[in-house]
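A structural walkthrough
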Amino acid sequence: MIIAVDGPAASGKGTIARALARHYALPHLDTGLLYRAVAAKLLRDELNPEREADAVSACDFDDALLDDPYLRSDAVGKAASQASAHPLVRSALLQRQRRFAQQPGGAVLDGRDIGTVIVPEADAKLFVKATPMIRARRRHAELARHGSAPSLDKVLADIRARDDRDATRKQAPMRQAADAALLDTSFLSIDAAIQRAIALVEARMARHQSVA
Ligand code: CDP
Ligand code: CDP
């Protein structure tokens, strides 16, 4: 069973993907972390995420970097979005994501292009969204908890810029797959969003079974 969860920043896709993985006892991959690791390596080496050659050279990052709290910062999120627009960066990270998805028993992956490019054959696909202002408030609260929040206005502007870049890039832009169920978490608590996600996956699986 492969579950694909896509959506913009702070839509709640990571929280939902982790909960689905727990519910179905499946391994989970936050694919955004791979792009964030590339970005963190670029920034630390004082390279330019907008230069494709620089970005490609950072794709062989050390896996220990995936646990570094620096990856969660806004600066790394922005650089990840810049680096991830390069086709060669996306292709360098593709096989790792596909191998994870295709392990025996299945997996849950969350990102921007899981249902459209990484595993178009996924058994269940969700596209998670929420209004930009609500996402900005969530991200702002998260950054404040880690002690480094810029103003809410700046977080909102960054979220809008990142949405725009992620949705308009040529290679694997963020978009809802034709067969993905839409889940708007704007006015849902975390628990309600998780319950709704499980119900959507169950409905999708029941449909597969009735077709088979
Ligand atoms: O957690 P948040 O949604 O803020 O971001 P993330 O999922 O960690 O992703 C950081 C950046 O990586 C995104 O803005 C995308 O540009 C890029 N990304 C991507 O291009 N494709 C993915 N499957 C996942 C992330
Ligand atoms: O993975 P993504 O960037 O899409 O979002 P997340 O990390 O799952 O959620 C971003 C923040 O919003 C976290 O602090 C969640 O606890 C919070 N959240 C929320 O307040 N309400 C929801 N329905 C979902 C997430």
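If you're wondering where the values come from, they're calculated on a predicted model, not measured in any experiment.

Moving on, we come to the site of ligand 1. Near ligand 1 you find 16 residues, and of these Ala9, Gly32, Tyr35, Ser84 and Gly111 are the closest. Those elements giving two or more residues to the shell around ligand 1 turn out to be α2 (32–44), α4 (74–83) and α8 (152–168). Grouping the constituent residues of the shell around ligand 1 by class yields four nonpolar, seven polar and five charged.

Turning our attention to the UniProt feature "binding site: ATP" (unreviewed entry) in the protein. What UniProt calls "binding site: ATP" (unreviewed entry) maps, in this numbering, to Gly7, Pro8, Ala9, Ala10, Ser11, Gly12, Lys13, Gly14 and Thr15. Topologically, Ala9 is positioned in the loop between β1 (2–6) and α1 (13–24). We classify Ala9 as buried; it has 25 C-beta atoms within 10 Å. Contact partners of Ala9, with chain neighbours within four places excluded, come to Gly77, Arg135, Arg139, Ile159 and Arg162. Take Thr15: it is sitting in helix α1. C-beta crowding within 10 Å serves as the criterion here: with 19 such atoms nearby, Thr15 is assigned to the partly exposed category.

One way to put it is that α4 packs onto α8 with a least axis distance of 10 Å and a crossing angle of 20°. The orientation of α4 relative to α8 falls into the category roughly parallel. Crossing of α4 against α8: the hand is left-handed. For the pair α4 and α8, contact is made by Asp74, Gly77, Lys78 and Ser81 and by Asp158, Arg162, Arg165 and Asp166, respectively. Of the residues contributing to the contact of α4 with α8, the split by class is no nonpolar, two polar and six charged.

Moving on to the sheet that holds β1. The five strands are arranged β2-β3-β1-β4-β5 in an open sheet whose pairing can be described as parallel. The open sheet has two edge strands with one neighbour each: β2 (28–30) and β5 (181–184). Each strand axis lies, on average, 20° off the axis of its neighbour in the sheet, ignoring direction. Note: β2 against strand β3 (residues 107–111), three bridges, orientation parallel. The residue of β3 that forms the bridge with Asp30 is Asp110. Of the strands in this sheet, β1, β2, β3 and β4 (124–129) are in contact with α1, which crosses β3 at around 180°. Against the sheet, helix α5 (residues 87–101) engages β1, β2 and β3, with an angle of about 145° to β3.

Attention shifts here to α5. Helix length check: α5, at 15 residues, gives a terminal C-alpha distance of 21 Å against a target of 21 Å (1.5 Å per residue), a fit within 8%. The largest bend in α5 comes to about 35°, at Leu94.

Counted at 1.5 Å a residue, the expected span for helix α7 (residues 132–145) with its 14 residues is 20 Å, and the 20 Å between its end C-alpha atoms agrees. Within α7, burial applies to Arg135, Ala136, Arg139 and His140. Looking down the long axis of α7, one finds its buried residues gathered within 135° of arc, a one-sided arrangement. Where α7 is buried, its residues contact α8. Phi turns positive one or two residues past the end of α7, at Gly147, with a value near 85°.

For the rest of this paragraph, the subject is the environment of Phe187. Within the fold, Phe187 resides in the loop between β5 and α9 (190–211). Along the sequence, Phe187 and Ile134 sit 53 residues apart, while their C-alpha atoms lie 8.8 Å from each other.

On to the pairing of β1, then. Look at any regular strand and the pattern is simple: side chains alternate between the two faces of the sheet. Burial of β1 is extensive: five of the five residues sit out of reach of the surface. A two-sided burial pattern is seen for β1, the buried positions comprising Ile2, Ala4 and Asp6 on one face and Ile3 and Val5 on the other. Here β1 runs beside β3; their pairing, made up of five bridges, is parallel. Paired with Ile3 across the strands is Val108, a residue of β3. Bridge count for β1 against β4 is four bridges, and the pairing is parallel. Each bridged residue has a counterpart across the sheet, and for Ala4 the counterpart in β4 is Lys125.

The rules behind each value
Residues numbered from 1 in each chain as written. Chains lettered and ligands numbered in written order. Predicted model: local features only at pLDDT ≥ 70, side-chain atom pairs only at ≥ 80, totals over all residues. Near = placed C-beta within 6 Å. Helix = DSSP H or I, 4+ residues; strand = E, 2+ residues; numbered from the N terminus. Nonpolar A, V, L, I, M, F, W, Y, C, P; charged D, E, K, R; others polar. UniProt positions renumbered as here; feature names shortened; annotations may be inferred. Buried ≥ 20, exposed ≤ 12 C-beta atoms within 10 Å, placed from the backbone. Contact = placed C-beta atoms within 7 Å. Axes fitted to C-alpha atoms, helices over the stretch in contact; angles between N-to-C directions. Parallel < 35°, antiparallel > 145°, perpendicular 65-115°, else oblique. Left-handed = near helix turned anticlockwise from the far one by under 90°. Pairing = 2+ DSSP bridges. Expected span 1.5 Å × (residues − 1). Bend = angle between axes of the 7 residues up to and from the residue. Arc of directions from axis to C-beta.

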